[in-house]
Amino acid sequence: MSYLLPHLPQLLVVWGAYLVATASPGPAVLAIIGTSISRGRSSGLALALGVLTGSYVWAMLTAAGLSALIRSYGQALIILKIAGGLYLLWLAFNAVKAALRKEPPKDIAENGVTPSLRRLYLKGLGIHLTNPKAIFNWIMLVSLGMPKDAPISVVAAMIAGCMVLGVAVFTGFALLFSLGPVTRVYRKARRFIEGAMAGFFAFAGLRLLTAKL
């Protein structure tokens with residue numbers, strides 16, 4: 001572990017910045033919260049695992065030189081931006097449909113039936129893989145805390161530390177918002193919550209589609 005000591009100040013900066021960025025409200029966090037409240041702990045954790053997988057993919061690609069690739073092929077990021085914006089609008093459409101229902105859908109009714117955990121995992125993965133903000137966050141983290149001469153072991157420690165924090169934050173949201181009292185509040189305010197989620201996803205999608213890179 002002594003080889004990490006010279007780089008510890010940079011690593012602490014990176015981990016702190018990652019913690020703030022991860023815990024800040026965004027499409028992934030709100031999707032985890034909404035799923036955990038409406039469908040329970042297992043569903044929330046499945047979606048959180050998908051988000052974590054997407055974050056890990058971007059971390060590995062960034063460490064492998066994704067930032068240089070983006071500078072060379074900027075059009076690829078534009079395509080990703082469009083895909084991410086459309087995906088968020090699709091989530092908004094689904095949230096609007098849920099809000100318009102007078103009764104909760106069968107998957108969140110008292111019979112305990114839930115959607116496929118695989119499907120929820122893929123939803124979380126899709127949210128994070130189509131979010132250019134996630135790419136820029138990782139590029140920022142690598143640029144912020146990793147000098148060019150940093151050995152691969154230090155890069156690995158940076159990513160490992162971020163992943164531990166990501167697990168704590170995302171699964172923490174899933175566990176917290178799947179508690180019984182929170183679920184009961186959701187059932188009383190379901191349509192309002194779904195409407196708010198729809199508004200957020202629509203805003204995020206439109207902003208992503210119109211933002212300049």
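### Looking at the side chain of Ser36
Point 1. With respect to the secondary-structure elements, Ser36 resides in helix H2 (residues 27–39).
Point 2. A polar side-chain atom of Ser36 sits 3.4 Å from the main-chain carbonyl oxygen of Ala174.
Point 3. When neighbours within four sequence positions are excluded, Ser36 is seen to be in contact with Gly44, Phe173, Ala174, Phe177 and Ser178.

### Quick notes on helix H6 (residues 117–129)
Within an α-helix, residues lying three or four positions from one another point in the same direction, as the helix has 3.6 residues per turn.
Point 1. For H6, built from 13 residues, the straight-helix expectation of 18 Å at 1.5 Å per residue is met to within 8% by its first-to-last C-alpha distance of 18 Å.
Point 2. Residues Leu120, Gly124, Leu125, Gly126, Ile127 and His128 constitute the buried set of H6.
Point 3. For H6, the side-chain oxygen to backbone nitrogen distance between the N-cap and Arg118 is 3.2 Å, and the N-cap itself is Ser116.

### A word on a nonpolar patch on the surface
Point 1. On the surface, Leu5, Leu8 and Leu12 cluster together into a nonpolar patch covering about 280 Å² of accessible area.
Point 2. On the secondary structure map, Leu5 appears in the segment before helix H1 (8–23).
Point 3. Among the residues examined, Leu5 registers a relative accessible area of 57% and is labelled exposed.

### Describing the packing of H2 against helix H8 (residues 152–176)
Point 1. As a packed pair, H2 and H8 sit with axes 8 Å apart at the nearest point and diverge in direction by 30°. Regarding the angle of H2 to H8, the classification is roughly parallel. Viewed along their axes, H2 and H8 form a crossing whose handedness is right-handed. Contacts from Val29, Ile32, Ile33 and Ser36 in H2 reach Phe170, Phe173 and Ala174 in H8.
Point 2. Taken together, the residues that form the contact of H2 with H8 break down as six nonpolar, one polar and no charged.

### Side note on the confidence of the model for the chain
Any segment with low pLDDT has predicted coordinates that should not be analysed in fine detail.
Point 1. Per-chain confidence: the chain averages 78 in pLDDT, with 78% of residues scoring 70 or above.
Point 2. In the model of the chain, helix H4 (residues 66–72) stands out as the element of lowest mean pLDDT, 54, in contrast to H6, which has the highest, 91.

### A look at the packing of H2 against H6
Point 1. For the pair H2 and H6, the least separation of the axes is 9 Å and the interaxial angle reads 160°. Taken together, H2 and H6 sit at an angle that is classed as roughly antiparallel. When the axes of H2 and H6 are compared, the crossing they make is right-handed. Within the contact between the two elements, H2 uses Pro27, Ala28, Ala31, Thr35 and Arg39 and H6 uses Leu120, Lys123, Ile127 and His128.
Point 2. Across the contact of H2 with H6, the residue classes tally to five nonpolar, two polar and two charged.

### Overview of the nonpolar core
Point 1. If you look at the biggest cluster of nonpolar residues, it comprises 29 residues, and the most contacted ones within it are Ile32, Phe170 and Phe201.
Point 2. When residues of this core are traced back to their parent elements, those giving at least two are H2, helix H3 (41–63), helix H5 (74–100), H6, H8 and helix H10 (190–210).
Point 3. It is H2 that provides the largest number of residues to this core, a total of seven residues.
Point 4. Dropping the residues within four chain positions of it, Ile32 is found in contact with Gly44, Leu47, Ala48, Val51, Phe170, Phe173 and Ala174.
Point 5. Within the second largest apolar cluster, 16 residues are counted, among which are Leu11, Ala134, Ile135 and Leu141.

### Some points on the environment of Ala174
Point 1. Structurally, Ala174 is set in helix H8.
Point 2. A relative accessible area of 0% means that Ala174 is categorised as buried.
Point 3. Taking the C-alpha atoms as reference points, Ala174 and Ile33, 141 residues apart in sequence, are found 6.1 Å from one another.
Point 4. Once residues within four sequence positions are removed from consideration, Ala174 is found in contact with Ile32, Ser36, Gly44 and Leu45.

Definitions and cut-offs
- Residues numbered from 1 in each chain as written.
- Predicted model: local features only at pLDDT ≥ 70, side-chain atom pairs only at ≥ 80, totals over all residues.
- Heavy atoms only, no water.
- Helix = DSSP H or I, 4+ residues; strand = E, 2+ residues; numbered from the N terminus.
- Polar contact = N/O pair within 3.5 Å; in protein donor to acceptor, adjacent residues only side chain to side chain.
- Contact = heavy atoms within 4.5 Å.
- Expected span 1.5 Å × (residues − 1).
- Buried < 20%, exposed > 50% of the residue type's maximum accessible area, 1.4 Å probe, protein only.
- Patch = residues over 30% accessible without salt bridge, like charges linked within 9 Å, V, L, I, M, F, W, Y side chains within 5 Å.
- Areas by Shrake-Rupley, 256 points an atom, 1.4 Å probe, with all protein chains shown as cover.
- Salt bridge = Lys/Arg side-chain N within 4 Å of Asp/Glu carboxyl O.
- Axes fitted to C-alpha atoms, helices over the stretch in contact; angles between N-to-C directions.
- Parallel < 35°, antiparallel > 145°, perpendicular 65-115°, else oblique.
- Left-handed = near helix turned anticlockwise from the far one by under 90°.
- Nonpolar A, V, L, I, M, F, W, Y, C, P; charged D, E, K, R; others polar.
- pLDDT = per-residue confidence, 0-100.
- Core = buried A, V, L, I, M, F, W, Y, C linked by side-chain atoms within 4.5 Å.

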